[in-house]
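Residue strings, one per chain:
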Amino acid sequence: MAEGHGDAKGATAHTAADGGHKAPFPPFQKETFASQLVSLTIAFVALYLIVSKLALPRVGGVIEERQKTIDGDLAAAQKLKGESDDALKAYEAELAAARTRAQAIGAETREKLNAAAEAERKTLEERLSAKLADAEKTIAATRTAAMGNVRGIASEAAAAIVQQLAGVQPDSKALDSAVNASIKG
C-alpha cells in the first residue's frame, strides 16, 4: 500500500506540475487545425447551398410579389385618379350647364313677368282712362245741371230782390236776359 501511496503522490505531483500548463484552446491547436478548416468549409458550403436554394428564392419571391402589389396599387390609384378627374370635369360641365339653364330660366321668367306687368299696366291705364272719361262726363253733366239750377236760382233771387226793392214783379224775359248777361261776365 505504501507503493500505492507513493504512486498517488507521484500522480498528484505530476498533475500539480501540469496544472500550471493547461492545454491550449482547441481551435488554436496545430494538430486539429486542418480538420477544423475542412469542417468549416463543409459547413460554409452547406449554409451557402441552403441559403441560395431555399432562403434566397423565397425572399426574392416575396420581394417580387410585393413589388407587383405596389405596382398594381399604383396603377389602380392612377386609374382612380383619372376617373375622379374625369368625374370632376363632367361635374363642372354639368354645373356650368345648370348655371346657364338657370340664367336662361331667370331671364325668361323676368321677361314673362315684365310682359305680364306691362299688360296689366296697360289694362289698368285703359280702365282708369275709361273711368276718367266717365267721371269727366259726369262732372260735365253735373256742371250743366248745376248751371241750369244756378240760372233758375239766380232768376228767382233776382225776381225776389227786384220785388222787394221796387215792389213790382219784373218781366221774366228782361230778368232772364239780365241773369244771362251777368253769368257770361
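Everything numeric in this text was worked out from a predicted model, so none of it was measured.

So, how was this worked out
Residues numbered from 1 in each chain as written. Predicted model: local features only at pLDDT ≥ 70, side-chain atom pairs only at ≥ 80, totals over all residues. Heavy atoms only, no water. Helix = DSSP H or I, 4+ residues; strand = E, 2+ residues; numbered from the N terminus. Buried < 20%, exposed > 50% of the residue type's maximum accessible area, 1.4 Å probe, protein only. Areas by Shrake-Rupley, 256 points an atom, 1.4 Å probe, with all protein chains shown as cover. Patch = residues over 30% accessible without salt bridge, like charges linked within 9 Å, V, L, I, M, F, W, Y side chains within 5 Å. Salt bridge = Lys/Arg side-chain N within 4 Å of Asp/Glu carboxyl O.

(A) Expanded view of the overall build of the chain. Assigned secondary structure in the chain consists of 3 helices and 0 strands. For the chain, the sequential pattern of α-helices and β-strands runs α-α-α. Residues classed as buried in the chain amount to 2% of the 185 residues present. Working note: accessible area of the chain is about 15,900 Å², and carbon and sulfur atoms make up 64% of it.

(B) View of a nonpolar patch on the surface. Together, Phe-44, Val-45, Tyr-48 and Leu-49 make up an exposed nonpolar region whose accessible area comes to about 440 Å². Relative to the helices and strands, Val-45 is located in helix H2 (residues 33-166). Judged by its relative accessible area of 41%, Val-45 falls in the partly exposed class.

(C) Broad picture of the pattern of salt bridges. Applying the stated criterion to the full structure yields 5 salt bridges. Between Glu-108 and Lys-112 there is a salt bridge whose closest N-O contact spans 3.2 Å. Pair noted here: Glu-108 and Lys-112 are both in helix H2, with a separation of 4 residues, about one helical turn. Since its relative accessible area comes to 43%, Glu-108 is described here as partly exposed. The exposure class of Lys-112 is exposed, given its relative accessible area of 54%. One salt bridge connects Arg-121 with Glu-118, and the closest N-O pair in it is separated by 2.1 Å.

Everything listed here is a matter of geometry and, on its own, says nothing about what the molecule does.
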